[in-house]
Amino acid sequence: GREKAVEANPSVLLAHRRNYFLPLSWARHPNNTPFIEAGNSPDDSLKQIEAQFQISLKTSLASGLISSKDALYLGFTVRSFWQAYNSNISSPFRESNYEPEIFWITPVPWQILGGDAALLGFGLSHQSNGRIQPLSRSWNRLYTLLIWERNRFVFSFKPWWRIPERSKVDPLQANGDDNPDIEKFLGHFEFGAVYRKQAYEYSLMLRNNLKTDANKGAIQFDFTFPVQGRARGYAQYFNGYGESLIDYDAHIERIGVGILLSDLL
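Everything numeric in this text was worked out from a predicted model, so none of it was measured. (Residues numbered from 1 in each chain as written. Predicted model: local features only at pLDDT ≥ 70, side-chain atom pairs only at ≥ 80, totals over all residues. Heavy atoms only, no water.)

Novice: Where do I start with the side chain of Arg-254 in this structure?
Specialist: One can find Arg-254 in strand 13 (residues 252–262). In terms of polar contacts, Arg-254 uses its side chain to reach the side chain of Ser-25, at 3.2 Å. Only 2.7 Å separates the side chain of Arg-254 from the side chain of Glu-243, close enough to count as a polar contact. If sequence neighbours within four positions are ignored, Arg-254 has contacts with Ser-25, Trp-26, Ala-27, Glu-50, Gln-52, Phe-81, Arg-94, Gln-236, Tyr-237, Phe-238 and Glu-243. (Helix = DSSP H or I, 4+ residues; strand = E, 2+ residues; numbered from the N terminus. Polar contact = N/O pair within 3.5 Å; in protein donor to acceptor, adjacent residues only side chain to side chain. Contact = heavy atoms within 4.5 Å.)

Laid out in structure tokens, this is it:
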């Protein structure tokens, strides 16, 4: 319903993923290695508590391309990690990840696992942290997106194929692959499940590389709840690899609480 309203008004933007601000976000073991590689003193290490926020928007580019109900979207997501309480190093933004993407989505008449409705999508995504060597991280993906509903649940399955990049001879050169082993840590797919009951929403995200000898991935739990009026609270737990691009190969365990600006359902 919201998407159809936007198609009639191209000046309006929709929420894409969750939009939120977590003023308190605590990591068990912050990854100091990139911070020190940037020339900072080991004595000025990262603090465990920082702030985090995400802004994610999309707009409809076209509709009715193949059927009367399909649509083409342009999306943009930025997620930032802010050492707001670390005055020893002037409270910097430790890392920001930017992800523009273009994707097409359409309803499909499939009953997946007894579900009620289903959507199929295809997209192209570029994600980077906008930094120079040796801290530059980026990758490009083609992905398929399958979403289906059953009762109060919404499930999603998003497999992707990374577009290959040229190998680097020198890690400091500008052109080439900044993170050739990223799929070992972020895997080849993402699975999501969302459950909403009354004013409460619970969600799960899973990633895995499906390797038995060097199994790596990530899990994230989210809980959103009413606070007052339209304001909603948000709690987030993450454990695994790929929380951010700068930490793609570092194991991070983090919990955060804050305010939700837009929910998934």
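What follows picks up the thread again.
Novice: Help me understand the nonpolar core in this model?
Specialist: Generally speaking, nonpolar side chains in soluble globular proteins are found buried as a group. If you look at the biggest cluster of nonpolar residues, it comprises 14 residues, and the most contacted ones within it are Tyr-73, Trp-139, Tyr-143, Ile-182, Phe-185, Leu-186 and Tyr-248. Going through the elements one at a time, strand 4 (71–82), strand 5 (93–108), strand 7 (138–150) and helix 3 (182–186) are the ones with two or more residues in this core. Those residues in contact with Phe-185 that sit more than four places away from it in its chain are Lys-216, Gly-217, Tyr-241, Tyr-248 and Asp-249. Membership of the second largest hydrophobic core comes to six residues, among which are Val-108, Ala-118, Leu-146 and Trp-148. (Core = buried A, V, L, I, M, F, W, Y, C linked by side-chain atoms within 4.5 Å. Buried < 20%, exposed > 50% of the residue type's maximum accessible area, 1.4 Å probe, protein only.)

Novice: How do you make sense of the packing of aromatic side chains when you look at a structure like this?
Specialist: Where two aromatic rings form a pair, the distance of their centres and the angle of their planes describe that pair. Under the criterion given, the structure shown has 18 aromatic pairs. Note on Phe-153 and Phe-155: the rings are 5.7 Å apart at their centroids and 10 degrees apart in plane angle, and the pair reads as stacked. Measuring from ring centre to ring centre gives 5.1 Å for Tyr-202 and Phe-223, while their planes differ by 25 degrees; the resulting arrangement is stacked. One end of the pair, Tyr-202, is in strand 10 (residues 200–208); the other, Phe-223, is in strand 11 (residues 217–228), and 21 residues separate them in sequence. The exposure class of Tyr-202 is partly exposed, given its relative accessible area of 39%. (Phe/Tyr/Trp six-rings, centres within 6.5 Å; stacked < 30°, edge-to-face > 60°.)

Novice: In this structure, what is going on with the pairing of strand 5? I would like to understand it.
Specialist: As judged from the twelve bridges shared by strand 4 and strand 5, these two strands associate in the antiparallel manner. Note on strand 5: the bridge partner recorded for Trp-82 is Phe-93. Across nine bridges, the pairing between strand 5 and strand 6 (residues 117–128) is antiparallel. When the bridges of strand 6 are listed, Thr-106 appears paired with Leu-120. (Pairing = 2+ DSSP bridges.)

Novice: Where do I start with the pairing of strand 4 in this structure?
Specialist: A regular strand carries its side chains on alternate faces of the sheet. Pairing analysis gives twelve bridges linking strand 3 (residues 49–63) to strand 4, with the strands arranged antiparallel. Note on strand 4: the bridge partner recorded for Ala-51 is Trp-82.

Novice: When you look at the pattern of salt bridges in this model, what are you seeing that I'm missing?
Specialist: Pairing is possible between side chains of opposite charge, provided their charged atoms come close. In the structure shown here, the tally under the stated rule is 19 salt bridges. Between Asp-177 and Arg-162 there is a salt bridge, with its nearest N and O atoms 2.8 Å apart. Within this pair, whereas Asp-177 is found in the loop between strand 8 (153–162) and helix 3, its partner Arg-162 is found in strand 8, the two being separated by 15 residues in sequence. Assigned by exposure class, Asp-177 and Arg-162 land together as buried. Of the charged contacts in the structure, one is a salt bridge between Glu-201 and Arg-196, with a shortest N-O distance of 3.1 Å. Judged by its relative accessible area of 0%, Glu-201 falls in the buried class. Ionic contacts of the salt-bridge type, sharing partners, join the residues Arg-18, Arg-196, Glu-201, Asp-222, Arg-232 and Asp-263 into one network. (Salt bridge = Lys/Arg side-chain N within 4 Å of Asp/Glu carboxyl O.)

Novice: For this particular structure, what's the right way to read the side chain of Ser-203?
Specialist: Within the fold, Ser-203 resides in strand 10. Its relative accessible area of 8% is what places Ser-203 among the buried residues. Only 3.1 Å separates the side chain of Ser-203 from the side chain of Arg-18, close enough to count as a polar contact. Those residues within four positions of Ser-203 in sequence are excluded, and the remaining contacts are Arg-18, Ala-193, Val-194, Gln-220, Phe-221 and Asp-222.

Novice: Quick question: what am I supposed to make of unusual backbone geometry here?
Specialist: Backbone phi values are negative for most residues with the exception of glycine, while trans is the configuration of most peptide bonds. In this structure, Pro-134 follows Gln-133 across a cis peptide bond, with omega equal to 5 degrees. Structurally, Pro-134 can be placed in the loop between strand 6 and strand 7. The phi torsion at Ser-91 lies on the positive side, around 50 degrees, for a residue other than glycine. Inspection of the secondary structure assignment puts Ser-91 in the loop between strand 4 and strand 5. The exposure class assigned to Ser-91 is partly exposed, which follows from its relative accessible area of 24%. In this structure, Asn-151 is a non-glycine residue whose phi angle is positive, near 55 degrees. Position of Asn-151 relative to the elements: it lies in the loop between strand 7 and strand 8.

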